[in-house]
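Structural overview for review
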Amino acid sequence: MAFWRRNTLVERERHVKANARDYNDKFSYTDNHIKTSKYNILTFLPLNLFEQLQRVANAYFIVLLILQLIPAISSLSWFTTIVPLLLVLLITAVKDATDDYFRHKNDKQVNNRQSQVLIRGSLQNEKWMNVRVGDIIKLENNQFVAADILLLCSSEPNGLCYIETAELDGETNLKVRQALTVTSDLGDVSKLVDFDGEVVCEPPNNKLDKFIGTLCWRDSKYPLDNDRMLLRGCVLRNTECCFGMVIFAGLQTKLMQNCGITKFKRTSIDKLMNTLVLWIFAFLICMGVILAIGNTIWESRIGRRFQVFLPWTEFQSSAVFSGFLTFWSYIINLNTVVPISLYVSVEVLRLGHSYFINWDKRMYHGPTNTAAVARTTTLNEELGQVQFIFSDKTGTLTQNIMVFSKCSINGQTYGDIYDEFDQKMENTEGTACVDFSFNPLCDRRFKFYDSSLVDAVKLEDPAMQEFFRLLALCHTVMPEEKTEGHLVYQAQSPDEAALVTAARNFGFVFRARTPETITLCEMGQAVAYQLLAILDFNNVRKRMSVIVRNPQGQIKLYSKGADTVIFDRLDPSSEDLMYTTSEHLSEFGGEGLRTLALAYKDLDEKEFEVWMEKLQFAGTVIENREDRLAVLYEEIEQGLKGATAIEDKLQEGVPETITCLNLADIKIWVLTGDKLETAMNIGYSCNMLRDDMNEVFVMSGHTLLEVQQQLRSAKEHILGLSRVGSAGDVEKSDMFADSVFEETIIAEYALVINGHSLAHALEPQLEHVLLDLACLCKTVICCRVTPMQKAQVVELVKRHKRAVTLAIGDGANDVSMIKTAHIGVGISGQEGMQAALASDYSFAQFRYLRRLLLVHGRWSYFRMCHFLCYFFYKNFAFTLVHFWYGFFCGFSAQTVYDQWFITLFNIVYTSLPVLAMGLFDQDVNDHISLRHPSLYRPGQQNLLFNKRQFFLCTLQGVCTSFLLFFIPYGAFSVMVREDGSHFSDQQAFSVTIATSLVIVVSVQIGLDTHYWTAVNHFFIWGSLTLYFVILFALQSNGMFGIFPSHFPFVGTARNCLSEKSVWLVILLTTVVCVVPGLVVSFLRIDLFPTPTDKVRHQLQSRKRQRPQEQNLRQSRRTSSRRSAYAFSHQQGYGELITSGKNMRTSRVSTARSAQRTQHSSNWIENVLKRKNEVSCISDESTEAPEKSDRT
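Bear in mind that the values here come from a model prediction, so they are computed numbers and not experimental data.

1. Quick look at a negative patch on the surface
Where like charges cluster on the molecular surface, the negative patch consists of Asp 604, Glu 607, Glu 609 and Glu 613. If you trace the backbone, Glu 607 turns up in helix H16 (residues 605-620).

2. Re the confidence of the model for the protein chain
Here the protein chain averages 81 in pLDDT, and 82% of its residues register 70 or above. The weakest mean pLDDT in the protein chain belongs to strand E36 (residues 1177-1178) at 34; the strongest belongs to strand E13 (residues 241-248) at 95. Low pLDDT, under 50, characterises residues 721-744; the predicted model gives this stretch 36 contacts beyond four residues in sequence or across chains. The model gives residues 1146-1191 a pLDDT under 50, and that stretch makes 145 contacts with residues more than four places away or in other chains.

3. Some points on the sheet that holds strand E2 (residues 114-119)
Here six strands make up an open sheet; going across it, the order is E3-E2-E4-E13-E5-E11 and the pairing antiparallel. Looking at the sheet topology across the chains shown, the edges are occupied by strand E3 (122-127) and strand E11 (229-230).

4. Some details on the UniProt feature "active site" (unreviewed entry) in the protein chain
Per the UniProt record, "active site" (unreviewed entry) is annotated on Asp 392. Overall, the relative accessible area of 0% leaves Asp 392 in the buried class.

5. Let's talk about the pattern of salt bridges
The final tally for this structure, using the stated rule, is 31 salt bridges. Here Arg 350 ties to Glu 381 by a salt bridge, and the two come within 2.4 Å at their closest N and O atoms. You can see Arg 350 sitting in helix H10 (residues 340-359) and its partner Glu 381 sitting in the loop between strand E14 (373-374) and strand E15 (386-391), a full 31 residues away along the chain. The class of Glu 381 is buried, set by a relative accessible area of 0%. Connected via shared salt-bridge partners are Glu 466, Arg 469, Glu 522, Lys 556 and Asp 602.

6. Here we look at unusual backbone geometry
Unlike most non-glycine residues, Ser 28 shows phi in positive territory, near 55°. Tracing the backbone through its elements, the reader meets Ser 28 in the loop between helix H1 (21-25) and helix H2 (44-52). Of note, the phi angle at Asn 142 is positive, near 70°, even though the residue is not glycine. Along the chain, the position of Asn 142 falls in the loop between strand E4 (136-140) and strand E5 (148-154).

7. Some remarks on the packing of helix H18 (residues 654-663) against helix H27 (residues 848-886)
Where H18 meets H27, the closest approach of the two axes is 9 Å, and the angle between their N-to-C directions is 25°. Between H18 and H27, the interaxial angle falls into the category roughly parallel. For the pair H18 and H27, the crossing hand works out as left-handed. In contact with Thr 657, Cys 660 and Leu 661 of H18, H27 contributes Leu 849, Arg 850, Leu 853 and Leu 854. Grouping the constituent residues of the contact of H18 with H27 by class yields five nonpolar, one polar and one charged.

8. Description of the packing of aromatic side chains
Summed over the entire model, instances satisfying the criterion amount to 57 aromatic pairs. Taking the centre distance of 5.7 Å and the plane angle of 90° together, the rings of Phe 388 and Trp 669 count as edge-to-face. Here Phe 388 is found in strand E15, whereas its partner Trp 669 is found in strand E29 (residues 667-671), with 281 residues between them in sequence. As far as burial versus exposure is concerned, Phe 388 and Trp 669 are alike and both buried. Joined through ring pairs, the aromatic side chains of Phe 883, Trp 884, Tyr 885, Phe 887, Phe 888, Phe 891, Phe 962, Phe 965, Phe 966, Tyr 969, Phe 972 and Phe 989 make up one cluster. If you follow Arg 113 out to its NZ or CZ, it ends over the ring of Trp 128, 5.0 Å from the centre. Taking the ring centre of Phe 144 as reference, the NZ or CZ of Arg 113 above it sits at 5.1 Å.

9. Details of the environment of Leu 291
Looking at the element boundaries, Leu 291 is found in helix H8 (residues 268-301). Owing to a relative accessible area of 0%, Leu 291 belongs among the buried residues under this scheme. Separated by 35 residues in sequence, Leu 291 and Thr 326 have C-alpha atoms that sit 7.6 Å apart. Apart from the residues within four sequence positions on either side, Leu 291 is in contact with Thr 326, Tyr 330, Leu 334, Phe 883, Gly 886, Phe 887 and Phe 891.

About the cut-offs
- Residues numbered from 1 in each chain as written.
- Predicted model: local features only at pLDDT ≥ 70, side-chain atom pairs only at ≥ 80, totals over all residues.
- Heavy atoms only, no water.
- Patch = residues over 30% accessible without salt bridge, like charges linked within 9 Å, V, L, I, M, F, W, Y side chains within 5 Å.
- Areas by Shrake-Rupley, 256 points an atom, 1.4 Å probe, with all protein chains shown as cover.
- Salt bridge = Lys/Arg side-chain N within 4 Å of Asp/Glu carboxyl O.
- Lys, Arg positive; Asp, Glu negative; His and termini not counted.
- Charge placed at Lys NZ, Arg CZ, Asp CG, Glu CD.
- Helix = DSSP H or I, 4+ residues; strand = E, 2+ residues; numbered from the N terminus.
- pLDDT = per-residue confidence, 0-100.
- Contact = heavy atoms within 4.5 Å.
- Pairing = 2+ DSSP bridges.
- UniProt positions renumbered as here; feature names shortened; annotations may be inferred.
- Buried < 20%, exposed > 50% of the residue type's maximum accessible area, 1.4 Å probe, protein only.
- Axes fitted to C-alpha atoms, helices over the stretch in contact; angles between N-to-C directions.
- Parallel < 35°, antiparallel > 145°, perpendicular 65-115°, else oblique.
- Left-handed = near helix turned anticlockwise from the far one by under 90°.
- Nonpolar A, V, L, I, M, F, W, Y, C, P; charged D, E, K, R; others polar.
- Phe/Tyr/Trp six-rings, centres within 6.5 Å; stacked < 30°, edge-to-face > 60°.
- Lys NZ or Arg CZ within 6 Å of the ring centre and 35° of its normal.

Structure representation (structure tokens):
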């Protein structure tokens, strides 16, 4: 609320001075303490009560409690309301406090992390929460960055350092940051103590890829940009240590600015319940007014004559005032149409459903020992109504770990294994791996299953050796050899690491590099190559090349890149091999592999010298330098020979899960920080994008007008007519037409949009066009998006589509959208636990989402809806008997039932059977739910519990109450006892109605139950038994002897229920109440069967047959999409390597290696004679995949 907001001035510019806390304190910058929790000790009670009172029912019960405290109008004791109300508030408060406790615990863990801070001339360990703006801190290798800091210096040459930004953008590739030249030599603490530079920069914001500032030091100014900054959430990699100056701290860091706020989430059923409670309250007032008017009329015409027998109280001055008091009395008597026990039961059901999720062994991930966790208990039924899923890519859909799997070399494929009948076999946990013991430098974690490739390498097949030599030379990987033979590769992209590791295991070990040389260990012999040039990768070229001189003096160009660009540059003599390799690549693409082509070329010495002079000249030109370099690269990369491929393997079960969710009419949007082509490739891998789609629209405009035109063109293409107004505005009639047309589109389209275009598309004048277009497409992929943009996309759908949204991710960059969506799901992955801790549900693998929604979500929604329908039915049937009785008791607010029955009806007599139904009922089992995803659709369409269903169940309750009252009333008017006397006492009438009511609602719940368990039987029969036991006990001689004033009706139940005619009345009432509903149910199933009815009929017809497993067939990825090389690459690494700025002193003696160069074989000559070509494939995967549970 407004009075809670802090009155702070808007910061327009930030001034930060190093080592000057007193100076920086003048600006009242926030400290480094973070807070993701909602409450503290002081605010918990008021805030939690405020949130709970947003439920209209809770406020309604408090009003009733106040009314019950007024003796003149209350015929019921106040404790019948306050005890259940306090119980509901307490249970909810405990649950909310528990959830917030874990947030506090996580905050404390993060805030108490240790960091080395330069204080009073020395480095001291300080908690993160105590780090202040302007402090100089030291970071060591593999440490998280504590705040947004300006890099001052590092242990690497030229002030370089390497960071991993997985928590920010989901990318695991290393990125380079470089300190300013003037500060890069401040590596000594004594120098840093004297550093007093002042930074003037932009105020805190959420733009992760932008920073503008200036460093003022020693009377000079130095520009600062994002390449000088290390942001909170990054991890320092491959760098011994570095020093930085804190610019933004705590909640003002860019990571926290993107996290959003923790919102109070309520389900659509909760919101509907608020509306229904208002309707019921209005209905209650109407009944109260009718009965009050009746009382006024009765008192004025009849009651006046009975004042001697029934004198008015001192408060009753007139018949009108009597009617006024009667109105409030009936409001209290009839309040059980919405009993407080309903909300107690709802909380118990939600808690039970949460435990079912936690206990589900099929959502337990053995390799990581991670079980599914329901971190909230308020959203379970919402899981059965999801229409949009927003998913991160990296770590959520993919595994982020790559290993070499298959290759195609010289027209021959390797990597598949065959049995004795020459039939292809699948790799399993028991499949024997290739023995690499011949290579002492191999990576023990590397696994390969086709021994024929190793045999070919051992036989010194020239094509094989050339293939792996290319993999070992053409890359930008940096090796680190801390001890002899223990190599660690630091790659800017995981596919490069996979390829170099493969070459290492097959005997071509990349050992060391300098700006001028690359040293390999080829089959045990050291060979040094002179590095002449690196033709760097960029998104336009989609390839990289290296030019090297081998020990024999020959100059070779090795190139790798997307197969489409490599094939275009092959020599015509390689045409036949290109077609063969292309077929192999298509086969690999069909298996979901990223594909990559390798090629080489022999260069003439003179030709190379001329080209090198042109390159050196182009490198010195200021204007159009990049264009000139691209032309030169293109010139020398012609006439290549060769080809290959690599995979970005999805998490296990991702394509099957996505296919199944699509069949359930759930739309899946991918929101990722990765590059456009990376995201598109994953889309093809998991069948979200397919070659047979009618169109894939790629939005890449850089201006508002460009994006507007692209969106309009795509929408017009789909709709086939121009209905988009000027400036991107959409008329309301068009919006309605689009939503209808959306359901009738047969063709399949996909939308891919990058972050720059999305920023414009989210502007108010274009957001409707974006949303309409996205909803007309089967697949939507947003790439290069910031965490805040992810949240904005989710909010856009929430605001305009009014659909239930679910966001799933695994990194800190996903926290914002997880908090924004109706339901947040965190993957307990390799990027940390931030997403899981901020989520409502968490588990280890994306494939578990299928079971969470189609089984647990669907069951929770089904159970909750049937529970609510039955609860309203039985309470209307129970309560409205008082309404009918009012017309026969002079509208005196006299109750039909005794007070003990009213108190115990919802708490004891009928609570357990309905809880059992709400906890255990299921229309079909989990296998059928997964086998028939279409059964999920009723939840999306809100068919099982809505205003219409509420009206029908309350109508049934009203009719039942009418029959419950008038059948015994009519029978009692003509019925006599066995001794001939009349039934004239009101208590016998009350017992008859009460017994009929309990039996009718018990029979009805038995008919409504789809799945019987021992618990259901026990609760239903037990409740009936308990009713009769309590009834006879309360009206026994013993209770009257102990509490005569509280239990005055001695022997009523015994005398009444001993009459056969009473049991006939009870039987007649039960049959008449139940049979109409039964007939309607049979007719509905017969004439208007639902999808569930049809499935259940099929199951019953095959009940005697042996059950057959009919799981969804594994979705084969048939895409021919192959151009997926190096999507994690960044331009500039080649220049960085050749400049030598990132080089350390080699720990391996290159001189010793060079002495053995003369023993290397003349394999190049053999390759030139045979003119063989080279091709390869790699595969990204984790360790042997966990055996998937069959559902």
